[in-house]
Amino acid sequence: MKTDLTDTTASKINKALVKGRRAIGTPAVGMVLTLVIVTDEENAYDALKAANDASREHPSRTLVVIKRVSRSPRDRTQSRLDAEVRVGADAGTGETVVLRLYGEVADHAQSVVLPLLLPDAPVVVWWPVDAPLDPAGDPLGALAQRRVTDTYSSEQPVRELTARAGTYKPGDTDLSWTRITPWRSMLAAALDQVSVEVKAVEVEGEEYNPSCELLAMWLADRLDVPVRRSLSSGPGLTAVRMETSHGPITLDRADGSLATLSIDGQPDRAVALKRRETAELIAEELRRLDPDDTYASALRFGVHRLNVSNGHADTVEKPKEPEQPEQPEQPEQPVAASLETSPDVEAASDVEGAPEGPSAKGEPADGEAPAQAPAPEAAQPPALKPVPSGLSGKAAK
C-alpha cells in the first residue's frame, strides 16, 4: 500500500502510517529499530532495495531522507516536504517513508525525522554515498546509536580512511570493514589450527579498495608484524600470504567466489568467500548496536604505517636511505676542523692580525705558509712582496 503526500508535515505522515497499518490488518507495531537512509535520487532505489531485503531479518521503520536541490534562488526560499508512505508488501516486513526535502527545510532534516522515530527503539543512520567526515557530529548522526558509512563509494577511499580515524566515535562503522568479516574469520581459524609465529604478511587486492587497507591494518595491529600491501587486478581482495616459522599460510581468492586455503604440511582446502551484496552487509551491521572496538583499533593504526619493515614505525621514508652514500664531500668537514687547530693556520692568523713588529722582520717562512694551502697558487710568491712594502720605516731599511 502506497500513500503520496505533497507539502505535508510529520503529523500527517504519522497518521498515514497508522491508517495504512489498519488497512492491511496489522495495527500493532512489530518493528525493532529505525533505519534512517540519507542519500540522493540517484542512489535511493538501490539503497531502499537493500534495506527492504535486510528488513526480513530486522523488521524496521525505514526513513529515506532525500535532499532535493532547488534550481532557482526563488525556489530555495520556499520550504516543502513531500512524503511517500509504504506499508505492507511494498515495504518488506516493516514500514517505509520516503521524505523529499525542498528549500530551507533540507538544512534541518533532523527536525523532520525526529517525530517519525519509533519510540524506545534504537536508531541507525546509513549514508550509502557522500557521508560526512564526522558522522557523529552530523545532526542526523547525533540521533543514532549506530552510524554506517561506506568509504568504497568515495572518490579517494584510502585518504578518507585517515579522516575517519581522526573523527571516530563509538558507534561508527563502515561497510568496507563489514566486507572483510569472512576473511578475518578464516585467517583467525587458520592460525588456530597450527602453533606458529607469524613473521610477515602480504595483502593483495585491487587498487582503491579500502577493504584491503583495513584488512592489512587489522593484521598489522593484531600480529605486530610488518604488513605489505600489493596490487592486483581484483575483484576486491584476492590473496593474503603469511610467512610463519613453519612455512607459508596462503588464502587465495582469484575469482571472487571460491578461495583456497594452503597451510604448509596440510592438503589445500576450498573455502567459500563470495562477494556479498549490500543487503547482506546491512543485515550484518544491524545485528550488533554496540561499539566495534576491533574496527576502531584497526582504523587508528594508520594507512601510512603499512609497507614498512616494522608495523609500528613512525615514518615510511626508509627508501631514501640508499641516497646517503652519495656524500663523498663529507671528509671536508674534518679537514676544516683540522685546519682550525693546526699551528700553520694559527700562525697565518697571527700574521694577518699581528702588529707591525713581527711582520717587519720579513721572515719568508711565515709568508710562504698560507701559500701552500691552495695548491694552484703555490707558484705565485711575488704576490707576497707588497706586504713588507706597506710596513713601517724599519722594514724599508
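The following paragraphs examine the structure supplied in this document. (Residues numbered from 1 in each chain as written. Predicted model: local features only at pLDDT ≥ 70, side-chain atom pairs only at ≥ 80, totals over all residues. Heavy atoms only, no water.)

## A few points about the sheet that holds strand 6 (residues 123-126)
- Spatial strand order, 1-4-5-3-2-6-7-8: eight strands in an open sheet with mixed pairing. At either end of the open sheet lies a strand with only one pairing partner, and these are strand 1 (2-5) and strand 8 (172-174). Taken pair by pair, the neighbouring strands of this sheet meet at an average axis angle of 15 degrees, ignoring direction.
- Taken together, the seven bridges between strand 3 (residues 60-67) and strand 5 (residues 95-102) define a ladder with parallel strand orientation. Opposite T62, over in strand 5, you have T96 as the bridge partner. (Pairing = 2+ DSSP bridges. Helix = DSSP H or I, 4+ residues; strand = E, 2+ residues; numbered from the N terminus. Axes fitted to C-alpha atoms, helices over the stretch in contact; angles between N-to-C directions.)

## Points about helix 10 (residues 293-301)
- Among all positions in helix 10, only Y295, A296, A298, L299 and F301 are buried.
- Lining the buried residues of helix 10 we find helix 5 (157-166), strand 8, helix 6 (175-178) and helix 8 (210-223).
- Downstream of helix 10 by a residue or two, G302 has a phi angle that is positive, lying close to 100 degrees. (Buried < 20%, exposed > 50% of the residue type's maximum accessible area, 1.4 Å probe, protein only. Contact = heavy atoms within 4.5 Å.)

## Looking at the packing of helix 5 against helix 8
- Orientation of helix 5 relative to helix 8, taken along the N-to-C sense of each, is 50 degrees, at an axis distance of 9 Å. The orientation of helix 5 relative to helix 8 falls into the category oblique. Taken as a pair, helix 5 and helix 8 cross one another with a handedness that is right-handed. Across from P157, V158 and L161 in helix 5, the residues of helix 8 making contact are P210, E213, L214 and M217.
- Of the residues in the contact of helix 5 with helix 8, the class split is six nonpolar, no polar and one charged. (Parallel < 35°, antiparallel > 145°, perpendicular 65-115°, else oblique. Left-handed = near helix turned anticlockwise from the far one by under 90°. Nonpolar A, V, L, I, M, F, W, Y, C, P; charged D, E, K, R; others polar.)

## Points about the side chain of E213
- Position of E213 among the secondary structure elements: in helix 8.
- Since its relative accessible area comes to 8%, E213 is described here as buried.

## Structural notes on the side chain of R164
- Turning to its location among the elements, R164 is positioned in helix 5.
- With relative accessibility at 5%, the residue R164 sits in the buried group.
- Within polar-contact distance, the side chain of R164 engages the backbone oxygen of P132 at 3.1 Å.
- In this structure R164 touches A131, P132, L133, T149, T151, D174 and L299, once residues within four positions along its chain are discounted. (Polar contact = N/O pair within 3.5 Å; in protein donor to acceptor, adjacent residues only side chain to side chain.)

## Observations concerning the pairing of strand 4 (residues 80-87)
- The buried fraction of strand 4 is high, at seven of eight residues.
- Pairing between strand 1 and strand 4: four bridges, direction antiparallel. Within strand 4, the residue paired with L5 across the bridge is A83.
- Here strand 4 pairs with strand 5 via eight bridges, running antiparallel. Bridge pairing in strand 5 places L81 opposite L101.

## Observations concerning the environment of E277
- Within the secondary structure, E277 sits in the loop between strand 14 (269-272) and helix 9 (278-285).
- In sequence terms E277 and R179 are 98 residues apart; their C-alpha atoms lie 9.3 Å from each other.

## Considering unusual backbone geometry
- In this structure, D120 takes a positive phi of about 55 degrees despite not being glycine.
- By relative accessible area, D120 is classed as exposed at 86%.
- Unusually for a residue other than glycine, D130 sits at a positive phi of about 55 degrees.
- For D130, the position within the fold is in the loop between strand 6 and strand 7 (146-149).
- Residue D130 is classed as exposed on the basis of its relative accessible area, which comes to 67%.

## A word on the sheet that holds strand 13 (residues 258-263)
- Pairing is mixed in the open sheet, where six strands are placed in the order 10-9-11-12-13-14. Every interior strand has two partners, whereas the edge strands, strand 10 (227-231) and strand 14, have only one. In this sheet, adjacent strand axes meet at a mean angle of 20 degrees when their direction is disregarded.
- In the sheet, strand 9 (residues 198-205) pairs with strand 10 via five bridges, with the strands oriented parallel. Bridge pairing links G205 to L231 in strand 10.
- Here helix 7 (residues 181-193) sits on the sheet and contacts strand 9, strand 11 (237-244), strand 12 (247-252), strand 13 and strand 14; the angle it forms with strand 11, its principal contact strand, is near 25 degrees.
- Along the sheet face, helix 8 touches strand 9, strand 10 and strand 11 and points at about 175 degrees away from the line of strand 9.

## Structural notes on the pattern of salt bridges
- Under the defined criterion, the tally for this structure stands at 21 salt bridges.
- The partner of E41 in a salt bridge is R68, with the nearest N and O atoms 3.2 Å apart. Residue E41 is located in helix 2 (residues 41-54), and its partner R68 is located in the loop between strand 3 and helix 3 (73-76); the two are separated by 27 residues in the primary sequence.
- Judged by its relative accessible area of 34%, E41 falls in the partly exposed class.
- As a salt-bridge pair, E84 and R100 come within 3.9 Å of each other at their nearest N and O atoms. Note that E84 is positioned in strand 4 and R100 in strand 5, a separation of 16 residues in sequence.
- Judged by its relative accessible area of 13%, E84 is buried.
- Among the residues examined, R100 registers a relative accessible area of 22% and is labelled partly exposed.
- Connected through salt bridges with shared partners, the residues E41, R68, E84, R86 and R100 form a single ionic network. (Salt bridge = Lys/Arg side-chain N within 4 Å of Asp/Glu carboxyl O.)

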